[in-house]
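# Coordinate analysis (summary)
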Amino acid sequence: MELLACIKVLEWLRKNKPWPGVDRALIVTDSEYVRENLSRALGWQTNDWRNQHGEAKQNSDLWKQLIGARTRVGMR
């Protein structure tokens, strides 16, 4: 659910772009899981959803959606 909440807010921003001229959005979360792994997820993606030790990472489908939504939103 933590990942899905971030995905949904990014999709909403992309569809609505409610504030003209705004080029950034700050998503605040209390989820350590999302906060600590968002930058790592890019590495997992290039490593076939495995960490540096070769262990498969869970929720790769949601991480893919989050990375894609973050790219498509057109904001930093």
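Here is a short report on the structure shown in this document. (Residues numbered from 1 in each chain as written. Predicted model: local features only at pLDDT ≥ 70, side-chain atom pairs only at ≥ 80, totals over all residues. Heavy atoms only, no water.)

### Considerations on a negative patch on the surface
Taken together, the side chains of Glu 2, Asp 30, Glu 32 and Glu 36 make up a negatively charged region of the molecular surface. Checked against the element boundaries, Glu 36 lands in helix H2 (residues 32–46). (Patch = residues over 30% accessible without salt bridge, like charges linked within 9 Å, V, L, I, M, F, W, Y side chains within 5 Å. Areas by Shrake-Rupley, 256 points an atom, 1.4 Å probe, with all protein chains shown as cover. Salt bridge = Lys/Arg side-chain N within 4 Å of Asp/Glu carboxyl O. Lys, Arg positive; Asp, Glu negative; His and termini not counted. Charge placed at Lys NZ, Arg CZ, Asp CG, Glu CD. Helix = DSSP H or I, 4+ residues; strand = E, 2+ residues; numbered from the N terminus.)

### Here's the deal with H2
Taking 1.5 Å per residue as the helical rise, H2 with its 15 residues ought to reach 21 Å, and the 22 Å between its terminal C-alpha atoms agrees with that figure. At Leu 38, H2 is deflected by roughly 55 degrees, the largest bend along its length. Every buried residue belonging to H2 is among Val 34, Asn 37, Ala 41 and Trp 44, and all of these are buried. The inward-facing, buried residues of H2 abut helix H1 (2–16) and helix H3 (60–72). (Expected span 1.5 Å × (residues − 1). Bend = angle between axes of the 7 residues up to and from the residue. Buried < 20%, exposed > 50% of the residue type's maximum accessible area, 1.4 Å probe, protein only. Contact = heavy atoms within 4.5 Å.)

### A short note on the side chain of Asn 51
With respect to the secondary-structure elements, Asn 51 resides in the loop between H2 and H3. Among the polar contacts listed, one links the side chain of Asn 51 to the backbone nitrogen of His 53, at a separation of 2.9 Å. If we ignore the near neighbours within four places in the chain, the residues touching Asn 51 are Trp 44 and Lys 57. (Polar contact = N/O pair within 3.5 Å; in protein donor to acceptor, adjacent residues only side chain to side chain.)

### What about the layout of surface pockets?
Looking at the largest pocket, its volume works out to about 350 Å³. Around the largest pocket sit 16 residues that line it, and Leu 10, Ala 25, Ile 27, Leu 38 and Arg 70 are the ones nearest its centre. Those elements that provide at least two residues to the lining of the largest pocket are H1, H2 and H3. Sort the elements by how many residues they give to the lining of the largest pocket and H2 lands first, with four residues. When grouped by side-chain class, the residues that make up the lining of the largest pocket number 11 nonpolar, two polar and three charged. (1 Å grid on protein atoms, 1.4 Å probe; cavity = no way out; pocket = protein on both sides within 12 Å on 5 of 7 lines; lining within 4 Å. Points joined across faces, edges and corners; volume = space filled by probe spheres on them. Nonpolar A, V, L, I, M, F, W, Y, C, P; charged D, E, K, R; others polar.)

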